Amino acid sequence: MRVPLMAGNWKLFKTAAETTVFCERFLPMVAAASHCEILICPPFVNIPAAVAATQGSKVGVGGQDVYWQKEGAFTGEVSAPMLKAVGCRSVIIGHSERRQYFGETDTTVFKKTTAAIEAGLQPIVCVGETLDERESNRTEDVLATQFKGGLGALRPDEFAKIVIAYEPVWAIGTGRTATPDMAAAAHKFLRDQVRGAFGEEAAQAVRILYGGSVKPANVKNLMAQPDIDGALVGGASLKPEDFSLIVNF
Ligand code: PEP
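Residues numbered from 1 in each chain as written. Predicted model: local features only at pLDDT ≥ 70, side-chain atom pairs only at ≥ 80, totals over all residues. Heavy atoms only, no water.

Could you give an account of unusual backbone geometry, with specific residues and numbers?
Trans is the prevailing form of peptide bonds, just as negative phi is the prevailing case for residues other than glycine. Here Asn-137, not a glycine, exhibits a phi torsion of approximately 60°, which is positive. Relative to the helices and strands, Asn-137 is located in the loop between helix 6 (131–135) and helix 7 (139–151). Judged by its relative accessible area of 72%, Asn-137 is exposed. Of note in this structure, Ser-213 is not a glycine but carries a positive phi near 55°. By the secondary structure assignment, Ser-213 is in the loop between strand 7 (207–211) and helix 11 (219–223). (Helix = DSSP H or I, 4+ residues; strand = E, 2+ residues; numbered from the N terminus. Buried < 20%, exposed > 50% of the residue type's maximum accessible area, 1.4 Å probe, protein only.)

So this is what it looks like as structure tokens:
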């Protein structure tokens, strides 16, 4: 039985004060939600405010990225032990915006994922095709390549700690959602990849989230798909009302 994970990716939004206000409004709205895990991922500098504001609640806090070295002369980076020490439970790795704007590759995704696991963080590893790749029938090739390059070389005990997020790039922040059938097919394909690489037990256990313009109005149909185990939500996770409706799908 896979427990759904409903995660909010706040990208480059909200100050520390706005983070606190969000939590004051959001926590009572999800206090009774025992059916899922809940996570918010603010920008690095606002993680302490989020940790303080969610203390004693069931809402966890995660980072949006991480560096693979523990410490050293790497100006601007934040390490996995640092995220853990400040109170993070999880970290998003390989988001398509990191891949598109910041040179993230499957190789760096693999390094970040192993570093996160070593520090005791739950990596949420993003994969997904662009519009051009979908329209030229390359979706499965892209997903297989990203899966193999980012996750294929993990040890089975490492793989058991990760969450996968399928995020079609053309659906992120565009208001264009994959239909439940499209998402279901991609999730099934990814679960088959897991089965091939790590076996049946791992395939049944791993959670695969859907991300890409998830809203209160479409979350129910997406979550009704058997291979969709939660959502990674961008824009709609910034509003307490909308994110609570998504959490309480
Ligand atoms: C995301 O940032 O991971 C995302 C899915 O964004 P949005 O929900 O805004 O499409």
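Residue-level account of the state of the cysteines, with values.
Inspection of the entire model under this criterion finds zero disulfides. Note on Cys-36: no disulfide assigned, nearest cysteine sulfur contributed by Cys-41 at a separation of 14 Å. When its relative accessible area of 3% is taken as the criterion, Cys-36 is described as buried. Unpaired in terms of disulfides, Cys-41 finds its nearest cysteine sulfur in Cys-88, a separation of 7.7 Å. (Disulfide = S-S within 2.5 Å.)

Account for the nonpolar core, naming residues and giving values.
Burial of nonpolar side chains together is a common tendency in soluble globular proteins. Membership of the largest hydrophobic core comes to 64 residues, with the highest contact counts inside it found for Phe-159 and Ile-164. The leading source of residues in this core is helix 9 (residues 180–198), at six residues. Core analysis: the next-biggest nonpolar cluster, separate from the first, contains eleven residues, Leu-39, Ile-124, Ala-165 and Leu-209 among them. (Core = buried A, V, L, I, M, F, W, Y, C linked by side-chain atoms within 4.5 Å.)

So what's going on with the sheet that holds strand 3 (residues 59–63)? Residues and values would help.
The sheet built from eight strands closes into a barrel, its strands ordered 1-2-3-4-5-6-7-8 with parallel pairing. On average, each strand axis in the sheet is tilted by 25° relative to the strand beside it, whichever way the strands run. Note that strand 1 (residues 5–9) and strand 8 (residues 230–233) share four bridges and pair parallel. Across the sheet, Gly-8 pairs through a bridge with Val-233, a residue of strand 8. Taken strand by strand, helix 2 (residues 47–54) contacts strand 2 (37–41) and strand 3, and its axis lies near 170° from that of strand 3. (Pairing = 2+ DSSP bridges. Axes fitted to C-alpha atoms, helices over the stretch in contact; angles between N-to-C directions. Contact = heavy atoms within 4.5 Å.)

Can you tell me about the packing of helix 5 (residues 106–118) against helix 7, naming the residues and giving the values?
Where helix 5 contacts helix 7, the two axes come as close as 7 Å, and the packing angle between them is 45°. Between helix 5 and helix 7, the crossing angle belongs to the class labelled oblique. Between helix 5 and helix 7 lies a crossing whose hand is right-handed. Here Asp-106, Val-109, Phe-110 and Thr-113 of helix 5 come into contact with helix 7, specifically with Thr-145, Gln-146, Gly-149, Gly-150 and Leu-151. Of the residues belonging to the contact of helix 5 with helix 7, the class tally is three nonpolar, five polar and one charged. (Parallel < 35°, antiparallel > 145°, perpendicular 65-115°, else oblique. Left-handed = near helix turned anticlockwise from the far one by under 90°. Nonpolar A, V, L, I, M, F, W, Y, C, P; charged D, E, K, R; others polar.)

Go over the pairing of strand 6 (residues 163–166), please, and point to the residues and values.
Burial of the side chains of strand 6 extends over both faces: Val-163 and Ala-165 are buried on one face and Ile-164 and Tyr-166 on the other. As defined by bridge partners, strand 5 (residues 122–127) adjoins strand 6 across four bridges and the pair is classed as parallel. From the neighbouring strand, Val-125 faces strand 6, where its bridge partner is Ile-164. When strand 6 meets strand 7, the two strands line up parallel, connected through four bridges. Following the sheet pairing, Val-163 is matched in strand 7 by Arg-207.

How would you explain the site of the ligand if you had to name every residue and give the values?
In the region of the ligand, 14 residues are neighbours, and Lys-11, Glu-167, Gly-173, Ser-213 and Gly-234 sit closest. His-95 has a polar side-chain atom sitting 2.9 Å from an oxygen atom of the ligand. In the environment of the ligand, an oxygen atom lies 2.6 Å from a nitrogen or oxygen atom belonging to the backbone of Gly-173. Out of a free accessible area of 300 Å², the ligand has 98% covered by protein chains. (Near = heavy atom within 4 Å. Polar contact = N/O pair within 3.5 Å; in protein donor to acceptor, adjacent residues only side chain to side chain. Areas by Shrake-Rupley, 256 points an atom, 1.4 Å probe, with all protein chains shown as cover.)

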